[in-house]
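Structural description and commentary
In case you want the letters, here they are:
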Amino acid sequence: MPAITRPRGTNDLLPAEAPLRQWVLDTHARVAAAHGYEPIDTPVFEATELYERGTGAGTDVVEKEMFSFTDRGGRGLTLRPEGTPGVLRAVLAAHLDQERRPVRVHYAGPMFRYARPQAGRYHEFWQLGIEAIGERSPALDAEVIEVAWRFYEALGISGLSLQLNTLGDVDDRLRYRAALVEYYTPLRNRLCEDCQRRLEVNPLRLLDCKRDAGLVAGAPQIGPSLSSESQGFFSQVTDLLTAAAIPFSLNPRLVRGLDYYAHTTFELWHESLQGAQNAVGGGGRYDGLAEVLGFPPVPGSGYALGVERTMAVCREQGLGPAPRRDRVVVLGVSRTDAPTAAGVARRLRAAGIAAVLDASDRRLDRRLASAARQGARAVVLVGAEEAAAGSATWKDLDTGRQETAPVAEVATGLRHLLGAG
RNA sequence: GUGGCCAUAGCUCAGCUGGUUAGAGUGCCUGACUGUGGAUCAGGAGGUCGAGGGUUCGAAUCCCUCUGGCCACCCCA
């Protein structure tokens, strides 16, 4: 009988990797909290309609990448492909925006998209993000971008570039859309198959195409379509980023794959990631999203960052949590010492020390070697002499120093050793 | 979703134009060493050769299908 395998595009997070992700998540929570963002958790699945209407029916995500299913009651549900619509739904349904504006929240959790797996692209992947809901201001956009930037600074990651663009408001977009259609329609026959379809469904996405790069170069840019208000809004964002000493590149071709963006959009790219998957995250302003979801109009701004891609950069740059050296291994010298050793381990734990009992029959020298290899900071030996005296011998594996003392004193000594790092 | 490359011990890999019992390094276990660690020496365990089917006297090796990974598209995280 063949063993059951892990589903395609999923990953096991084994003990060797788990601390790195936890460190990334903790760092983000800390940086977000320092900017006033509070934790929020929303369901891993939502009504399919939330994404059809929110993320956008014409987007690749909704068109071909969702894990959708019908539950036993006939309801159409979808494993969340992104976090923003669910978080906005939760915040507005609870009327948090009636209590204070903006509502600042941060989140982390698994997302699901059915795209062909590749390095840095999985069916199940983690995102972390923030949303600032209820205020339409350039200062908030700049703040959101700054939180992302400070997060990567806190991790110690270098080599990131911030790509920045504006899509203007709804009217600007309609004007720009018309300009693009006017430019592309005569060229229709020279467009790739996908782009011919985009011309009908979502002309802004024509700018994303790499195959038709030659045509994209000649396409009109958004600038002339922007109202003076939109231009003013965006220049305030760039001024604030400059004042915060956050470098950025203006990228007029940055469109983003989700329908709800308006005004400021951005992506964070990392040079070392595989060409196609070089974005570690992105975000922007989504002022029309609340209405599309059936709520009163409430503006918002936020970002989502890829945890796996961030971890990949961390690994490459040798970044991560300091290895934990806060454990001791308790060894019974011979088999008959095992019960006494177990008692000593119990007393150490009661004193707040992480104690692992090695009750195996292996030779003492091998068990000592094994404890050292597993990263234990110290070992505690319990043999016939110690058992008779109610004592234990503890040995610092880094210095080799060892000492026999009553168990209570050993606990104190170990606490001191572990506390000192 | 499209095209390509790949899959041999826990890990990294070798295995010739098909030819006896599938190898190495490392890791693991044991002994040298029955109360003292990452060393050394010796030994041992560990493989449905990704899965299924086919060709053949004979398949890890050739063919087909599937599964999974990677790469390029596509898209994004």
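Residues numbered from 1 in each chain as written. Chains lettered and ligands numbered in written order. Predicted model: local features only at pLDDT ≥ 70, side-chain atom pairs only at ≥ 80, totals over all residues. Heavy atoms only, no water.

Moving on: the pairing of strand β9 (residues 262-270). Within a regular beta strand, the side chains point alternately toward one face of the sheet and then the other, so they alternate between its two faces. Counting buried positions over the nine residues of β9 gives eight, a clear majority of the element. Of the strand pairs in this sheet, strand β7 (residues 160-166) and β9 are connected by seven bridges, and their pairing is antiparallel. When the bridges of β9 are listed, Leu162 appears paired with Leu268. Pairing between β9 and strand β10 (residues 279-285): six bridges, direction antiparallel. Its bridge partner lying in β10, Ala262 is registered against Arg285. (Buried < 20%, exposed > 50% of the residue type's maximum accessible area, 1.4 Å probe, protein only. Helix = DSSP H or I, 4+ residues; strand = E, 2+ residues; numbered from the N terminus. Pairing = 2+ DSSP bridges.)

Turning next to the packing of helix α1 (residues 18-34) against helix α6 (residues 138-155). In contact at an axis separation of 9 Å, α1 and α6 are set at 135° when each is read in the N-to-C sense. Regarding the angle of α1 to α6, the classification is oblique. For the pair α1 and α6, the crossing hand works out as right-handed. Touching Trp23, Val24, Thr27, His28, Arg30, Val31 and Ala32 of α1 are Val147, Arg150, Phe151, Ala154 and Leu155, all from α6. In terms of residue class, the contact of α1 with α6 is built from eight nonpolar, two polar and two charged. (Axes fitted to C-alpha atoms, helices over the stretch in contact; angles between N-to-C directions. Parallel < 35°, antiparallel > 145°, perpendicular 65-115°, else oblique. Left-handed = near helix turned anticlockwise from the far one by under 90°. Contact = heavy atoms within 4.5 Å. Nonpolar A, V, L, I, M, F, W, Y, C, P; charged D, E, K, R; others polar.)

The next point concerns the sheet that holds β7. Pairing is mixed in the open sheet, where eight strands are placed in the order β1-β5-β6-β11-β10-β9-β7-β8. Every interior strand has two partners, whereas the edge strands, β1 (38-39) and β8 (249-250), have only one. Relative to strand β6 (residues 124-133), strand β5 (residues 103-112) runs antiparallel, the two being bridged by 10 bridges. Paired with His106 across the two strands is Ile130, which belongs to β6. Along the sheet face, α1 touches β5, β6 and β11 (300-306) and points at about 5° away from the line of β6. The sheet strands contacting helix α4 (residues 84-93) are β5 and β6, and the helix crosses β6 at an angle near 45°.

Split by domain assignment, chain A resolves into domain 1 (18-169 + 227-316) and domain 2 (327-420). Put simply, the middle of domain 1 and the middle of domain 2, counted by C-alpha atoms, are 49 Å apart. (Domains from an automatic or database assignment.)

What follows is about the confidence of the model for chain A. In low-pLDDT regions, the fine details of the predicted coordinates are not to be read closely. Counting all residues, the mean pLDDT for chain A is 91, and 98% of those residues have values of 70 or more. Per-element averaging of pLDDT across chain A places helix α9 (residues 213-217) at the bottom with 73 and β1 at the top with 98. Reported for the predicted complex are a pTM of 0.92 and an ipTM of 0.86. (pLDDT = per-residue confidence, 0-100.)

Attention now goes to the sheet that holds strand β13 (residues 354-358). Picture the strands of a sheet paired through backbone hydrogen bonds; they go either parallel or antiparallel. Pairing is mixed across the open sheet formed by five strands, whose spatial order is β13-β12-β14-β15-β16. Two strands lie at the open edges of the sheet, namely β13 and β16 (402-406), each paired on one side alone. Neighbour to neighbour, the strand axes of the sheet diverge by 25° on average, direction disregarded. Pairing analysis gives five bridges linking strand β12 (residues 327-332) to β13, with the strands arranged parallel. Within β13, the position partnered with Val329 by the bridge is Val356. The sheet strands contacting helix α14 (residues 364-373) are β12, β13 and β14 (378-382), and the helix crosses β12 at an angle near 170°. Sheet strands touched by helix α16 (residues 407-419): β12, β14, β15 (391-396) and β16. Its angle to β15, the strand with the most contacts, is close to 20°.

With that settled, consider the packing of helix α2 (residues 48-56) against α4. At a minimum axis distance of 9 Å, the contact between α2 and α4 shows a crossing angle of 105°. With respect to each other, α2 and α4 are oriented roughly perpendicular. Of the residues in α4, those touching α2 at Leu50, Tyr51 and Thr55 are Pro85, Gly86 and Arg89.

For the rest of this paragraph, the subject is the protein's contact with RNA strand B. The environment of RNA strand B is made up of 50 residues, and the closest members are Arg198, Arg205, Gly257, Arg309 and Leu397. Taken together, the sugar and phosphate atoms account for 50% of what RNA strand B places within 4 Å of the protein. Interatomic distance of 2.9 Å between a side-chain N/O atom of Arg116 and a base oxygen of RNA strand B. Ala372 is positioned with one of its backbone polar atoms (N or O) 3.1 Å from a base nitrogen of RNA strand B. Residue assignment for the surface near RNA strand B shows that the elements contributing at least two residues are β6, β10, α14, α15 (384-389) and β15. No other element matches the seven residues that α14 contributes to the surface near RNA strand B. The residue inventory of the surface near RNA strand B, partitioned by class, reads 14 nonpolar, 14 polar and 22 charged. (Near = heavy atom within 4 Å. Polar contact = N/O pair within 3.5 Å; in protein donor to acceptor, adjacent residues only side chain to side chain.)

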